[in-house]
Amino acid sequence: MDPKSTAVVLIEYQNDFTTEGGTLHGAVKGVMDQTNMLANTVETVKQARAAGATIVFAPITFTEDYHELRPSPYGILKGVVDSKSFRKGSWGAEIVDVLKPEPGDIVIEGKRGLCGFATTNLDFILRSRGIQTIALGGFLTNCCVESTMRTGYEKGYDIVTLKDCTATLSEEEQRLAVEKNYPMFSRPMTHQEFLGELKGAGSAQTKSRGYEAA
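Right, let's walk through the structure included here. (Residues numbered from 1 in each chain as written. Predicted model: local features only at pLDDT ≥ 70, side-chain atom pairs only at ≥ 80, totals over all residues. Heavy atoms only, no water.)

Considerations on helix 7 (residues 171-185)
Taking 1.5 Å per residue, 15 residues should reach 21 Å; helix 7 reaches 21 Å between its end C-alpha atoms and fits that length. Taken as a whole, helix 7 carries its principal kink of about 35° at V178. Taken together, the buried positions of helix 7 are occupied by Q174, A177, V178, Y182 and F185. The secondary structure elements touched by the buried residues of helix 7 are helix 2 (25-35), helix 6 (144-154), strand 5 (158-167) and strand 6 (187-189). (Helix = DSSP H or I, 4+ residues; strand = E, 2+ residues; numbered from the N terminus. Expected span 1.5 Å × (residues − 1). Bend = angle between axes of the 7 residues up to and from the residue. Buried < 20%, exposed > 50% of the residue type's maximum accessible area, 1.4 Å probe, protein only. Contact = heavy atoms within 4.5 Å.)

Structural notes on the packing of helix 6 against helix 7
Across the interface, helix 6 lies against helix 7 with an axial gap of 9 Å and an inter-helix angle of 20°. Between helix 6 and helix 7, the interaxial angle falls into the category roughly parallel. For the pair helix 6 and helix 7, contact is made by V145, E146, M149, R150 and Y153 and by A177, N181, Y182, M184 and F185, respectively. (Axes fitted to C-alpha atoms, helices over the stretch in contact; angles between N-to-C directions. Parallel < 35°, antiparallel > 145°, perpendicular 65-115°, else oblique.)

Things to note about unusual backbone geometry
Most peptide bonds are trans, and most residues other than glycine sit at a negative phi. Here the bond from F139 into L140 is cis, since omega is -25°, no more than 30 degrees from zero. One non-glycine residue, N36, adopts positive backbone phi at about 60°. Relative to the elements of secondary structure, N36 occurs in the loop between helix 2 and helix 3 (37-51).

Focus: helix 3
In a regular helix each residue adds 1.5 Å, so 15 residues correspond to 21 Å; helix 3 covers 21 Å between its end C-alpha atoms and thus fits that length. Of all the residues in helix 3, the buried ones are M37, N40, T41, T44, V45 and A48. Down the axis of helix 3, the smallest arc covering the buried residues is 135°, so these residues share one side. When the buried face of helix 3 is taken as reference, the exposed residues oriented beyond 90 degrees from it are K46 and A50. A positive backbone phi angle near 110° is found at G52, which sits one or two residues after helix 3. (Arc of directions from axis to C-beta.)

A look at the pairing of strand 5
Counting buried residues along strand 5, eight of its ten residues qualify, which places the element largely inside the surrounding structure. Where strand 4 (residues 133-139) meets strand 5, six bridges bridge the pair, whose relative direction is parallel. Looking across to strand 5, one finds that L136 is bridged to T161. Remark: the strand 4/helix 6/strand 5 crossover connection has right-handed handedness. Summarising the sheet, strand 5 and strand 6 pair through three bridges and their orientation is parallel. Considered in strand 6, the bridge of L162 is made with M189. Tracing the backbone out of strand 5, into helix 7 and back to the parallel element strand 6 gives a crossover that is right-handed. (Pairing = 2+ DSSP bridges. Right-handed = clockwise from strand over helix to strand, strands pointing away.)

Some details on the nonpolar core
Soluble globular proteins tend to bury their nonpolar side chains together. Of all hydrophobic cores here, the largest spans 59 residues; its most connected members are L126, I134, F139 and F194. Aside from chain neighbours lying at most four places away, what touches F139 is I11, E12, Y13, F17, T18, V28, M32, M37, C144, V145 and A167. (Core = buried A, V, L, I, M, F, W, Y, C linked by side-chain atoms within 4.5 Å.)

These results come straight from atomic positions and should not be treated as a statement about function.
Here it is in structure tokens:
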């Protein structure tokens, strides 16, 4: 796994999900605590960035009146509207402090639905940078992460899903998504397994370059 052609794509690490006081935090807190997903993600981002991987944030945002959506939304997006979540300019829509983007990271704009590719230029940015492998983490395990995983798989990317960097509404939903759905469209890994492959490849390349230089 070459760090130069690998991106860590972080889906909706925003205060409304991640942080006490967020509109949807109570719904995901149980699984967040169970998987330790926020601390695991912080570690993953720090080490992947240092190894040379691209860090990509994919937040979701809406205007105050949610006029980007249909007049009577249903399903998961109805829940977003009813809870007044992810409104542009609000604290809840901000990326959580422990994962604030650094210079060189990429923040995708235009996510209005479930799949990270659907209404954004994510695919263009990844291909422009020569990205072949995408490691996914975020919210919800069985919704936006899974939607992005499926599309990325069909677009030909090598997809890794970070099992312990995701969270959803219940332990049952988490388990079924990770155990049953993720293996169909990705290579599920813990964040440590992913970092091991990433840093192992980076170390091998460094030694190879050193040998050639010698």
